[in-house]
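# Architecture and fold: a report
Spelled out, the chains give:
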Amino acid sequence: MINLSLGMYPVTRSLISPSFECRRERRAVRFPDTLAAGVAFRVSDKLTLALDVSRTDWNDFYVKDGAGRKFSLIDATDLSDPRTRTDMDPTYTVRFGTEYVFIPKNPTEEIKRLWSLRGGLFYDEEPATG
């Protein structure tokens, strides 16, 4: 906004184009399907190991506009046009974790706090084509 003063009356002029148009439409977002499986193995009372793997299909990540057209939320291509549509490869995520609980050796010892140490590694791909 620009504020000018002409004599006693202030003049306000908008910098937004007068052809600016507002419209409303209903849009729907579709999130990709993800399938995951995991296992945990308790080696002892103190040590636990865990592993999980997931697969995500990024072809199902889109927005549908008010006219019913679907656009990819990854690269904004029109999914209804097979010539411009990008075919995304599914991605995989692998996580490995471990937990070690510091349990006292003497079973009669009173435990005020049970300390544990946790750590892990993961591999996570980004969506990509071809």
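The structure reproduced in this document is the subject of the present report.

Each value, and the rule that gives it
Residues numbered from 1 in each chain as written. Predicted model: local features only at pLDDT ≥ 70, side-chain atom pairs only at ≥ 80, totals over all residues. Heavy atoms only, no water. Salt bridge = Lys/Arg side-chain N within 4 Å of Asp/Glu carboxyl O. Buried < 20%, exposed > 50% of the residue type's maximum accessible area, 1.4 Å probe, protein only. Pairing = 2+ DSSP bridges. Helix = DSSP H or I, 4+ residues; strand = E, 2+ residues; numbered from the N terminus. Axes fitted to C-alpha atoms, helices over the stretch in contact; angles between N-to-C directions.

### Focus on the pattern of salt bridges
Considering all chains together, one arrives at six salt bridges under this definition. Across the salt bridge formed by Arg-30 and Asp-33, the nearest N and O atoms sit 3.4 Å from each other. Its relative accessible area of 30% is what places Arg-30 among the partly exposed residues. Take Asp-33: its relative accessible area is 42%, and that puts it in the partly exposed class.

### What about the sheet that holds strand S7 (residues 70-72)?
The three strands lie next to each other as S3-S6-S7, forming an open sheet whose pairing is antiparallel. Two strands bound the open sheet, and with one partner strand each, they are strand S3 (28-30) and S7. Across this sheet, the average inter-strand angle for adjacent strands is 25 degrees, counted without regard to direction. Relative to strand S6 (residues 62-64), S3 runs antiparallel, the two sharing three bridges. Counterpart to Ala-28 in the pairing with S6 is Lys-64.

So, to be careful, I would describe these as geometric facts and stop short of saying anything about function.
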